[in-house]
Amino acid sequence: MSTKQQFVPGLDGVIAAETAISFLDTEQEKIIIRGHELIDLSQNNDYIDVVHLLLDGNLPTASEKTALEKKLTSNYDIPDQVMQILSLLPKQTHPMDGLRTGLSALSGYDGDIDNRSLEANKSRAYELLGKLPAITVNSFRLIHGQEVVKPDPTLSYSANFLYMITGEKPTAFEAEIFDRTLLLYSEHEMPNSTFTARVIASTNSDLYGALTGGVASLKGNLHGGANEAVMYMLNEVKTAAAFEELIQRKLANKEKVMGFGHRVYMKKMDPRALVLKDALKQLCEKKGDYTLLEMCEAGEKVMREEKGLYPNLDYYAAPVYWMLGIPIGLYTPIFFSARTAGLAAHVIEQHNNNRIFRPRVHYIGESY
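Residues numbered from 1 in each chain as written. Predicted model: local features only at pLDDT ≥ 70, side-chain atom pairs only at ≥ 80, totals over all residues. Heavy atoms only, no water.

Per an unreviewed UniProt entry, the recorded name for the chain is Citrate synthase, and the organism is Virgibacillus chiguensis. Listed under Sequence similarities (unreviewed entry) in UniProt, the entry text for the chain is "Belongs to the citrate synthase family." Turning to the chain, the UniProt annotation filed under Catalytic activity (unreviewed entry) states: "oxaloacetate + acetyl-CoA + H2O = citrate + CoA + H(+)". (UniProt positions renumbered as here; feature names shortened; annotations may be inferred.)

Next up, the structure:
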């Protein structure tokens, strides 16, 4: 027997939730975040603005932004016991597993964890956003036998995040570029990790549990990790011509070329990729070395002509992170850390208007 009601593999195109948070308007080629266009936001606002937009529903006034920055700064520190847990992880631990462990461990320090009210969840989300840079970076550092870097509350949120990664205070230009990547990764409607977080939240599970599930989802190489794969591919060769040949060989061998195509955009270029392509150009100009830009453009041309595929955000995020001195193993954890603002918004929305997810199956087993 079977229950077959428009079975769609992978739920491709299936409407799974009503949301006021974001929408991918593929016809207009726009990413809408609470009524604002994400690309416009990336040109005129910073990550903290978008965090406030996602969690409070509006772009902040100057006083609201100052208050939010203070709120995040006041939550930078991580309990020593959590750091001890991270220090005990095996050295072969994947960076996303380190991040997941640290995030999960923080739940034990929330004395109001069973409070699902809007205000409690928002306060919890801001606290987590304050702590995530330290969890993200120092879980990675401890796994790799490096010294912990403490947050610098005198720096902006993004500048502090980048400082903790590299150990050096970034220039205003570097902090601005890094901030732009966080903003572009902040929210993107209903990818697998967001759906996972909402499914978990629909059981009335807490924000920590929903986000921990989101980390596990994003760890999968069909969702997160493309930015890392792109950088490893770029590092295989040294010139644009050699990179073009590399991609041609991969296509001839029917290998997947990471950083191209998108389940939603399909045959169009991810508009976020265009923003980071420009950011890469700016970084190249500053350093006087256009090699990575030339390589990426060569790969973009081959994939467009041979497969009709266009770059997604990860394709240009990879070389941008590389030029900012960020270790490849941190690319996906940074992605998650930035996306936490959007994930938290979705969890809050799910809690506030909840119906537990309980789909059915199309049974193809033996009859009885």
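Trainee: Tell me what's going on with the pattern of salt bridges, and back it up with residues and numbers.
Mentor: Close approach of charged atoms lets side chains of opposite charge pair. Applying the stated criterion across every chain yields a total of 15 salt bridges. A salt bridge links R198 to E349; the nearest nitrogen and oxygen atoms lie 2.7 Å apart. Taken as a pair, R198 in helix 9 (residues 192–201) and E349 in helix 16 (residues 331–352) lie far apart in primary sequence, 151 residues in all. When its relative accessible area of 3% is taken as the criterion, R198 is described as buried. Where salt bridges share partners, they join D46, D49 and K65 into one cluster. (Salt bridge = Lys/Arg side-chain N within 4 Å of Asp/Glu carboxyl O. Helix = DSSP H or I, 4+ residues; strand = E, 2+ residues; numbered from the N terminus. Buried < 20%, exposed > 50% of the residue type's maximum accessible area, 1.4 Å probe, protein only.)

Trainee: I'd love a proper account of the nonpolar core, names of residues and values included.
Mentor: Membership of the largest hydrophobic core comes to 114 residues, with the highest contact counts inside it found for L55, L129, F178, F243, I326, I334 and F336. It is helix 16 that provides the largest number of residues to this core, a total of 11 residues. Residues within four places of I326 in sequence aside, it is in contact with L162, I165, F178, Y321, Y331 and I334. (Core = buried A, V, L, I, M, F, W, Y, C linked by side-chain atoms within 4.5 Å. Contact = heavy atoms within 4.5 Å.)

Trainee: Please give an account of the pairing of strand 1 (residues 22–25) that cites residues and values.
Mentor: Alternating positions in strand 1 separate cleanly, S22 and L24 being buried on one face and F23 and D25 remaining unburied on the opposite face. As paired strands, strand 1 and strand 2 (residues 30–33) are joined by four bridges and run antiparallel to one another. Note that in strand 2 the partner of L24 across the bridge is I31. From the end of strand 1 to the start of strand 2, which pair antiparallel, there are four residues, and E29 there has a positive phi angle of about 55 degrees. (Pairing = 2+ DSSP bridges.)

Trainee: Residues and numbers for the sheet that holds strand 3 (residues 36–37), please.
Mentor: An order of 1-2-3 is seen for the three strands of this open sheet, with the pairing classed as antiparallel. Two strands bound the open sheet, and with one partner strand each, they are strand 1 and strand 3. When strand 2 meets strand 3, the two strands line up antiparallel, connected through two bridges. Within strand 3, the position partnered with I32 by the bridge is E37.

Trainee: Break down helix 2 (residues 47–56) for me, citing the residues and quoting the values.
Mentor: The element helix 2 is largely enclosed, with a buried count of nine among its 10 residues. Within helix 2, the full set of buried residues consists of Y47, I48, D49, V50, V51, H52, L53, L54 and L55. Where helix 2 starts, the residue carrying a side-chain oxygen 3.3 Å from the main-chain nitrogen of I48 turns out to be D46. Immediately beyond the C-terminal end of helix 2, within one or two residues, lies G57, with a positive phi of roughly 90 degrees. (Polar contact = N/O pair within 3.5 Å; in protein donor to acceptor, adjacent residues only side chain to side chain.)

Trainee: Requested: an account of the packing of helix 11 (residues 226–234) against helix 16, with residues and values cited.
Mentor: With their axes 7 Å apart at the nearest point, helix 11 and helix 16 run at an angle of 150 degrees to one another. On the basis of the axis angle, helix 11 is roughly antiparallel to helix 16. Judged by the sense of rotation from one axis to the other, the crossing of helix 11 with helix 16 is right-handed. Contacts between helix 11 and helix 16 pair N227, E228 and M231 from the former with Y331, T332, P333 and F335 from the latter. Considering only residue class, the contact of helix 11 with helix 16 consists of four nonpolar, two polar and one charged. (Axes fitted to C-alpha atoms, helices over the stretch in contact; angles between N-to-C directions. Parallel < 35°, antiparallel > 145°, perpendicular 65-115°, else oblique. Left-handed = near helix turned anticlockwise from the far one by under 90°. Nonpolar A, V, L, I, M, F, W, Y, C, P; charged D, E, K, R; others polar.)

Trainee: Account for the UniProt feature "active site" (unreviewed entry) in the chain, naming residues and giving values.
Mentor: Listed under "active site" (unreviewed entry) in the UniProt record, and renumbered for this structure, are H262 and D314. Structurally, D314 is set in helix 15 (residues 313–323). Given the relative accessible area of 9%, D314 is considered buried. When neighbours within four sequence positions are excluded, D314 is seen to be in contact with Y185, A226, N227, V230 and F335.

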